[in-house]
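# Coordinate inspection notes
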Amino acid sequence: RKFLRASHVAETFLATWAPEESKRDFLDKTFHELQRTDRGKAVIFEMARFLSEQTTFPDLRNWEDSAQKITDATKAVSELKTYLKTQEEEIRSEKEREEAKTKAREERQRIQRSLTDKAKLQQRLDALHLAVGTQQGGYDFQEWFYDLLDFCEIQNRRPYVSAGRQIDGSLTYDGTTYLVELKFTGSQADATDVDSLRSKVDDKADNTMGIMVSISGYSSVALSQASGRRTTLLLVDAMHLYLFLSGTLSFGDIISRLRRHASQTGEAYLAAGRFGG
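The following paragraphs examine the structure supplied in this document. (Residues numbered from 1 in each chain as written. Predicted model: local features only at pLDDT ≥ 70, side-chain atom pairs only at ≥ 80, totals over all residues. Heavy atoms only, no water.)

## A closer look at the pairing of strand E7 (residues 233-237)
Rules: Whether a residue is buried, partly exposed or exposed follows from its accessible area with a 1.4 Å probe, protein chains only, as a fraction of its type maximum: under 20%, in between, or over 50%, in that order. Helix and strand definitions follow DSSP, with helices as H or I runs of at least four residues and strands as E runs of at least two, each counted in order from the N terminus. Being paired, for any two strands, means DSSP has found at least two bridges between them. A clockwise path from the first strand over the helix to the second, with the strands pointing away from the viewer, defines a right-handed crossover.
The buried fraction of E7 amounts to five of the five residues, a majority that puts the element mostly inside the structure. Side chains Leu233, Leu235 and Asp237 of E7 all project onto a buried face; the interleaved residues Leu234 and Val236 project onto the opposite face, where all are buried too. The sheet contact formed by strand E6 (residues 208-214) and E7 spans five bridges and is parallel. Within the sheet, the bridge partner assigned to Met212 lies in E7 and is Leu235. Following the chain from E6 across helix H8 (residues 220-226) to the adjacent parallel E7, one finds a crossover that is right-handed.

## A short note on unusual backbone geometry
Within the chain, Asn62 stands out as a residue other than glycine whose phi angle is a positive 65°. With respect to the secondary-structure elements, Asn62 resides in the loop between helix H4 (38-52) and helix H5 (66-128). The backbone phi angle of Arg230 is positive, close to 55°, even though this residue is not glycine. With respect to the helices and strands, the residue Arg230 is situated in the loop between H8 and E7. Judged by relative accessible area, Arg230 falls into the exposed class, the value being 70%.

## Remarks on the pairing of E6
Judged by how many residues are buried, E6 sits mostly within the fold: seven of seven residues are covered. Where burial is concerned, the two faces of E6 agree: the one with Thr208, Gly210, Met212 and Ser214 and the one with Met209, Ile211 and Val213 are both buried. As defined by bridge partners, strand E5 (residues 176-183) adjoins E6 across seven bridges and the pair is classed as parallel. In the strand pairing of E6, Lys183 is matched with Ser214. Note on the crossover from E5 through helix H7 (residues 191-202) to E6: the handedness is right-handed.

## Some points on the packing of aromatic side chains
Put simply, the rule reads: Between rings of Phe, Tyr and Trp, where Trp is taken as its six-membered ring, a pair exists when centres lie within 6.5 Å; planes separated by under 30 degrees are stacked, by over 60 edge-to-face, and by other angles tilted. Our definition puts a charge over a ring when NZ of Lys or CZ of Arg is within 6 Å of the ring centre and also within 35 degrees of the ring normal.
Taken as a whole and judged by the stated rule, the model has nine aromatic pairs. Geometrically, the ring pair formed by Phe141 and Trp144 is stacked, given 5.8 Å between the ring centres and 15° between the ring planes. Here Trp144 and Phe141 lie together in helix H6 (residues 135-151), a separation of three residues that amounts to about one turn. Exposure class is identical for Phe141 and Trp144. Each is buried. Among the aromatic residues, those joined into a ring-pair cluster are Phe145, Tyr146, Phe151, Phe244 and Phe251. Cation over ring: Arg157 sits above Tyr160, and NZ or CZ is 3.7 Å from the ring centre. The ring of Phe275 has Arg257 lying over it, and the distance from NZ or CZ to the ring centre is 5.8 Å.

## Quick word on the pattern of salt bridges
To keep it simple, the criterion reads: Here a salt bridge means any side-chain nitrogen of Lys or Arg lying within 4 Å of a carboxyl oxygen belonging to Asp or Glu.
This model, assessed by the stated rule, comprises 13 salt bridges. Across the salt bridge formed by Glu143 and Arg158, the nearest N and O atoms sit 3.2 Å from each other. Here Arg158 lies in the loop between strand E1 (155-157) and strand E2 (160-162) and Glu143 lies in helix H6, a separation of 15 residues in the sequence. Its relative accessible area of 42% is what places Glu143 among the partly exposed residues. With a closest N to O distance of 3.2 Å, Glu181 and Lys200 form a salt bridge. Placement of Glu181 in strand E5 and of Lys200 in helix H7 is noted, with a sequence separation of 19 residues between them. In this pair, the class of Glu181 matches that of Lys200, namely buried.

## Some points on the environment of Tyr242
Filter applied, for reference: Between two residues, a contact is recorded if the distance between any of their heavy atoms is within 4.5 Å.
One can find Tyr242 in helix H9 (residues 238-245). The sequence separation of Tyr242 and Gln122 amounts to 120 residues, and the corresponding C-alpha distance is 7.9 Å. When near neighbours in sequence (up to four residues on either side) are disregarded, Tyr242 contacts Gln122, Leu125, Asp126 and His129.

## Some words on the packing of H6 against H9
Selection criterion: Between N-to-C directions, angles span 0 to 180 degrees; the directions come from axes that are lines fitted to C-alpha atoms, helices contributing only their stretch in contact. The labels follow the angle: roughly parallel below 35 degrees, roughly antiparallel above 145, roughly perpendicular from 65 to 115, and oblique for the rest. It is the rotation of the near helix from the far one that decides the hand of a crossing: anticlockwise by less than a right angle makes it left-handed, clockwise makes it right-handed. Only Asp, Glu, Lys and Arg are considered charged, only Ala, Val, Leu, Ile, Met, Phe, Trp, Tyr, Cys and Pro nonpolar, and every remaining residue, Gly among them, polar.
Between H6 and H9, the shortest axis-to-axis distance is 13 Å and the interhelical angle comes to 40°. In this view, H6 runs oblique relative to H9, as classed from their interaxial angle. As for how H6 packs across H9, the hand of that crossing is left-handed. Facing H6, whose interface residues are Phe141, Trp144, Leu148 and Phe151, H9 presents Leu241, Phe244 and Leu245. Within the contact of H6 with H9, the residues separate by chemical class into seven nonpolar, no polar and no charged.

Here it is, written out as structure tokens:
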């Protein structure tokens, strides 16, 4: 009774043990009932675990054949321990297989969602080209760009006003905060656009840089004006955006590649076609 209680067999069931019923008969009945439910099977497993940990057999002493009984019991416990170990390994292997299947399924779903969301981003950008140069197109492009950052899980802040100046927003990547300037115009960004962004950056903390995104690219004067010793600007155009949308690189990788190029050469712009070099 003590052992069965320790194994969490219900008192109500123990109360059914008739005085004339032998232990063997009661145990036969007990195991039959326990096998009916998952909880009962767990109780049986717990009993087996308790028994497998038994190292002494005081109840088997002082019998005529005590030595044989203890030998048999020791062997039975050893076999039970081996069996339980095998079962646990099978359960663990099955669990690992199921976890691997679940992980693979979730990864496939994540990739599918990613492809779907990225396809939607590209469709939205393609549709926006008809509105290039319009005020509404600029607002829509701004919304699109920050949706892209959210999709890439890049920390960002949408447009705000600082010290009376309109800031198109900011993003923080790899420990650096970049002020964002978005140009959704039919003409290329020029030197005055670059100067405007640089002046905003210069008003901020030392570790602040600027990213300009111009859908129509940059004039040669703008490229020259943005570059130089210790430039704080990175220039992004439509080809960089499509480099991300095509799945070639993450947007974070694009920022890192532009930043590395600027550090190595002082050039704020690196054409998407030269990223392999």
